[in-house]
Amino acid sequence: MLAFEGLEQTAQCIGTSRLGGVQVSAPVFNLWIQVRGDGWIESREGRFRMRRGDWMAFEKESTPLVQSGPQGLCIGVALDASALDALQALSDGSLYAGRGRLPTREVRTVFRLWREAAQAQGDALSVRPLLLQLAHVQRDLAARVRRCPGRSRSRKRQVFGRMQRARLYLEGNADRVVRISELADLTSFSSWYFSKAFHALYDESPQALSVRLRLERAAQLLRTTSMMVGEVAAASGFDNCCSFARAFKAHHGVPASRYRSNLRRGSALVNEAQASA
């Protein structure tokens, strides 16, 4: 454990590599960054693929299971409530549930700070640069906090954290229709309050985001699998092929079958160009 000087504030550096796995069972906030290769994270919010440069953060209720691929390395830090309070005192900021991507240079910086903090074994000063860098990683998220309803900054942060968890839940369940009641229960808000706060924060309703995420999943399946269009529709939460066809064309500009054929044509042209080079 890494302890803050003179207080009980703690942070723990954890990680997994090369087909290894780690389960976060303690009720702590945790943030993960894929340094090399790929892997998976399974949590109460769903299942997520991790590729190099991806980061994900979870609230204390999530207890994720992190698994690495054959060449994967995923590093993490677990923070209790007092450690998060210390971060706010250091930078007037906080960390939130969510996901994103980092450029290679930032991945290297975080990895270096993580190793220094892990090797220090209790040195209070060593963990502070890591926490400040992680807060910097989430700078785009932190900028959204002021859009949340609430009279105080602490209330806005609380609402934002719950909204972010709901957004992760939508992203982790892009294979089905998610009901508003599920999201409201997840955030402990009423359905009316949740829908209003979500739209104010993200400029789209949770229903619209759910459809968009499912259509993006459908496009990914068309790109990466040989599933038939009807199978792709079902795997993306559409029980009606006609409604899927209309929604896909409206979002992507072409029917699903043409989307796939265009990809194959483009791939064939690239192969021909490489062969003639």
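Let me sum up the structure you'll find in this document.

What counts and what doesn't
- Residues numbered from 1 in each chain as written.
- Predicted model: local features only at pLDDT ≥ 70, side-chain atom pairs only at ≥ 80, totals over all residues.
- Heavy atoms only, no water.
- Core = buried A, V, L, I, M, F, W, Y, C linked by side-chain atoms within 4.5 Å.
- Buried < 20%, exposed > 50% of the residue type's maximum accessible area, 1.4 Å probe, protein only.
- Contact = heavy atoms within 4.5 Å.
- Helix = DSSP H or I, 4+ residues; strand = E, 2+ residues; numbered from the N terminus.
- Pairing = 2+ DSSP bridges.
- Axes fitted to C-alpha atoms, helices over the stretch in contact; angles between N-to-C directions.

Another aspect to go through is the nonpolar core. Counting 52 residues, the largest nonpolar core has Leu-79, Leu-130, Leu-134, Met-163 and Phe-194 as its most contacted members. Residues in contact with Met-163, not counting those within four places in the same chain, are Thr-187, Phe-189, Phe-194, Ala-197, Phe-198, Leu-201 and Tyr-202.

The phi dihedral of Leu-19 falls on the positive side, at around 70°, and the residue is not glycine. The topology assignment puts Leu-19 in the loop between β2 (10-17) and β3 (21-23). Taking the relative accessible area as the measure of exposure, Leu-19 reaches 65% and is therefore exposed. Even without glycine at this site, Asp-203 takes up a positive phi of about 65°. Of note, Asp-203 is situated in the loop between α7 (191-202) and α8 (206-224). A residue is classified by how much of its surface remains accessible, and Asp-203, at 54% relative accessible area, is exposed.

Mapped onto the fold, Ser-191 is located in helix α7. Taking the C-alpha atoms as reference points, Ser-191 and Ser-181, ten residues apart in sequence, are found 6.1 Å from one another. With residues near it in sequence (within four places) discarded, Ser-191 still touches Ile-180, Ser-181 and Ala-184.

Pairing is antiparallel across the open sheet formed by four strands, whose spatial order is β3-β8-β5-β6. Looking at the sheet topology across the chains shown, the edges are occupied by β3 and β6 (46-51). With strand direction ignored, the average angle separating the axes of adjacent strands in the sheet is 15°. Pairing analysis gives three bridges linking β3 to strand β8 (residues 65-68), with the strands arranged antiparallel. Among the inter-strand pairings, Gly-21 is bridged to a residue of β8, identified as Gln-67.

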